[in-house]
Amino acid sequence: MKLSNLPVFLLALSPLHAEEPVQITGNSAAPAGKWILWYPQPAKSWTEALPLGNGHLGAMVFGSVPTERVQFNEYTVWTGQPRSYAHPGASQHLPEIRKLLFEGKQKPAEDLAMREFMSQPLKQMAYQPCGDLWIDFPGLATASNYRRWLDLDTATHTTEYEAGGVKFRREVIASHPDRAIFLRLSADQPGKLNARVRLTSPHSNSSTTAGNNRLTLRGQVQTDGIRFESIAKVEATGGSLTEDAGAIQVTGADAIIVRLVAATNFTNFRDISGDPAARAAKLLESASGKSWEKLHAAHLADHQKLFRRMDIDLGTSPESLRPTSERIVDYLKGKDPQLAALTFQYGRYLLIGSSRAGGQPATLQGIWNDALKPAWDSKYTCNINTQMNYWPAEPANLAECAEPLYDALGELMASGRETAKEHYAAPGWVLHHNFDLWRGTAPINASNHGIWPTGGAWLCHQLWEHYLFSGDEKFLKEKAYPLIKGSAEFFAAYLIEDPVTKTLISGPSNSPEQGGLVMGPSMDHQIIRSLFKLTVEAAAVLKTDPELAAKLAEMTPRISPNRIGKHGQLQEWMTDIDDPKNTHRHVSHLWAIYPGDDITSRDSDLFKAARQSLIYRGDAATGWSMGWKINLWARFLDGDHAYLILRNLLQPVGGKKGGGMYPNLFDAHPPFQIDGNFGAASGIAEMLLQSHLRDEKGNFVLQILPALPSNWPAGSIKGLRARGGFEVDLAWKDGKPVEVTVRSLAGQTAVLSHGGKSREIKPAAGTATTIADWQP
Ligand code: FUC
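Residues numbered from 1 in each chain as written. Predicted model: local features only at pLDDT ≥ 70, side-chain atom pairs only at ≥ 80, totals over all residues. Heavy atoms only, no water.

Caption draft 1: Representation of the sheet that holds strand β31 (residues 757-761) in the model. Taken together, four strands build an open sheet; the order of strands is β25-β26-β30-β31 and the sheet is mixed. Two strands in the sheet have a free side with no partner beyond their single neighbour: β25 (689-690) and β31. As paired strands, β25 and strand β26 (residues 700-704) are joined by two bridges and run antiparallel to one another. The residue of β26 that forms the bridge with Gln690 is Gln703. (Pairing = 2+ DSSP bridges. Helix = DSSP H or I, 4+ residues; strand = E, 2+ residues; numbered from the N terminus.)

Caption draft 2: Molecular detail of the site of the ligand. Neighbouring residues of the ligand: Leu364, Trp376, Thr381, Asn385, Glu513, Arg585, His586, Trp624, His669 and Gln673. One of the side-chain nitrogen or oxygen atoms of Trp624 is found 2.8 Å away from an oxygen atom of the ligand. In the model, an oxygen atom of the ligand is placed 3.0 Å from a nitrogen or oxygen of the Gln673 side chain. (Near = heavy atom within 4 Å. Polar contact = N/O pair within 3.5 Å; in protein donor to acceptor, adjacent residues only side chain to side chain.)

Caption draft 3: Representation of the pairing of strand β3 (residues 50-53) in the model. Side chains Leu50 and Leu52 of β3 all project onto a buried face; the interleaved residues Pro51 and Gly53 project onto the opposite face, where all are buried too. In this sheet, strand β4 (residues 57-61) lies alongside β3 in antiparallel orientation, the contact comprising four bridges. By the bridge assignment, Leu50 is partnered in β4 with Val61. (Buried < 20%, exposed > 50% of the residue type's maximum accessible area, 1.4 Å probe, protein only.)

Caption draft 4: Broad picture of the packing of aromatic side chains. Inspection of the entire model under this criterion finds 28 aromatic pairs. Judged by centre distance (6.5 Å) and plane angle (75°), the ring pair of Trp452 and Trp458 falls under edge-to-face. A network of ring pairs unites the aromatic residues Trp391, Trp452, Trp458, Trp591, Tyr594, Trp624 and Trp628 as a single cluster. Seen from the ring of Tyr85, Arg83 lies directly overhead, with NZ or CZ sitting 5.6 Å from the centre. Lying across the ring of Phe307, Arg348 places its NZ or CZ 5.5 Å from the centre. (Phe/Tyr/Trp six-rings, centres within 6.5 Å; stacked < 30°, edge-to-face > 60°. Lys NZ or Arg CZ within 6 Å of the ring centre and 35° of its normal.)

Caption draft 5: Representation of the environment of Ala772 in the model. Among the secondary structure elements, Ala772 is positioned in strand β32 (residues 768-772). You can call Ala772 partly exposed: its relative accessible area is 45%. For the pair formed by Ala772 and Thr741, sequence separation is 31 residues and the distance between their alpha carbons is 8.3 Å. If we skip the residues at most four places from it in the chain, Ala772 touches Val738 and Glu739. (Contact = heavy atoms within 4.5 Å.)

Caption draft 6: Spotlight on the sheet that holds strand β28 (residues 726-733). Taken in spatial order, the five strands make up an open sheet running β18-β27-β28-β29-β32, and their pairing is antiparallel. For this open sheet the edge positions go to β18 (311-313) and β32, each flanked by a neighbour on one side alone. Each strand axis lies, on average, 20° off the axis of its neighbour in the sheet, ignoring direction. Inspection of the sheet shows strand β27 (residues 715-722) paired to β28 by six bridges, in the antiparallel sense. Considered in β28, the bridge of Arg721 is made with Glu727. Sitting on the sheet, helix α18 (residues 675-688) touches β18, β27 and β28, and the angle it makes with β27 is about 100°. (Axes fitted to C-alpha atoms, helices over the stretch in contact; angles between N-to-C directions.)

Written out as structure tokens, the structure is:
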């Protein structure tokens, strides 16, 4: 049957039929727990609701009375369908575009590129919401002792309130082992639960039917493309259950459990022949028949295996007991150091929720999106944003959460080969500044910023970082190296000699996302130089491809170098045209400092110039830009400046240049964009430990507390990861380390360094060395 022929119950299900909000009276106290976001009122908007996720489903829980709303996402509900975005024959115009740019004719070059070089179609597709689960609790006029909270340690959302002398409680989890969302509703007296459960979708081509204690939502995103099915199964202990007009009514129950699953026809980026109904039924079957206790225990074991790898203490105060939204408002007062620790743990929590093996990478909004037309399509922008999403993965000890990104890269290589061939007549693969579920790799939107070919090369750097952090040669050989090699092959063919400097340069490209189409933006050269170097190193580790390695080694020193300009700045472009008053959010030419290491503190002049560039760019910025600046100031070993930016990021949304936090501690571009949450988490890690430098023997230097701000004089952190396969616990007092424990996974030598002094240690693989009373 075609979907349009199905009965439509949407009118009866409309959220408008929800009852009026009830009046909340009385005060409630902070829930127990160390890693809590809590509120004494229900969420009125989406950015007040709290996120749960299992990498396949995302949920935003509102905790409202008398109608609970759980807005949910399924990870493969996107617009569009399998397709190639490459522009056949685009490469024929490449020489002319380059020629025009070399002649200084930017506008004609951009016009020609717009006509002949852009992806087909010009735009990529959008991540979509799936549905909403509603639970009406009729007859409530007032509620007291209300509170709702998210416990990051248990990944459980709880809502509590009292009404009519009865204490009600709702718990919600998004379980990874069971690939489902579970709700348990309970009361402290039997027979008191009356609830009406409904399931809707914002997609117009959707409908819900009720039967067999289940609500089944069936929908289609567009005429062709993704079809989805979601099932909510309602079970009551005591009381009775009836069905009407697409809803399930529970009357007089002691407790209720709702099991929610969802699936689509998506199999992979080239195949959408799956059967959503069969998949959803199977998911429901395996999520059924288990008690709440059993489900919750499996969920906890899975979540805590990742979450509890780390702990952090930056100081505590009574402020940490206040509702989270109030803490954000008052963070500027400097009395609430725990909010920074919570932000760190929240970044880890959000990565666990939005990016798990077998799923899709975290989008611009992680896995949480309620809009049919989300900002920037809630897709993957890879001239900073997608990369930033994964910055905490290694240092914050969640390496396996990056697996979806590595899987996506395998697909991007397939699609990117076609783009390399059609757009550049080059071997290997290339990814420009965006991709989507369909793995578009060609330049999108507009020639002045869409033509930026180093997105894939940057992501190869992250593959290499995973190898450096883990020492996992199997990963390097099987997953990383084919991608790294393919990217290096592309750039070896792509680079062109600049007629003026005779260096090898990139182009047509741009310095994201300003200055228009140019030849030779500095960021490209930093990324490509790093790519060539790491390819040579990887080939040596794997004892392979000596000819390619020799070729890259020969080309590397010919790539256009970093240059210092007339304002003492690191030049963003080939020519010295930087405007010191330019406060653009992108700080692309500082890639060399972080996340790259093309320039380090050992290159004193360039390091100084890069720092000067960051000063010119200013502190105020959008969320992700502040996230980047925290990491940069940490690399510039300036903890107080890093802290200053973190403080600005932890302001309520509304700053002139953007940024800030919503009440649910989601970061704002604005609107909500999750990269700032992840950038903040990695920035805090970078302030406490750095490991990008190596000594003359090639051992990693572990810089202990390299950028500790004066506001965190005493504290501790456990479980930070460092390059070389180390896990590090640190405790400090009066701004100085007092105890350092280094566990080694790979048995390598580590050079611990602090305050200009260093000390070599070599714990055997699987063992730890603890240094109390730090004496380098
Ligand atoms: C890039 C940025 C924008 C935004 C978008 C998703 O285009 O320049 O600020 O973050 O990605």
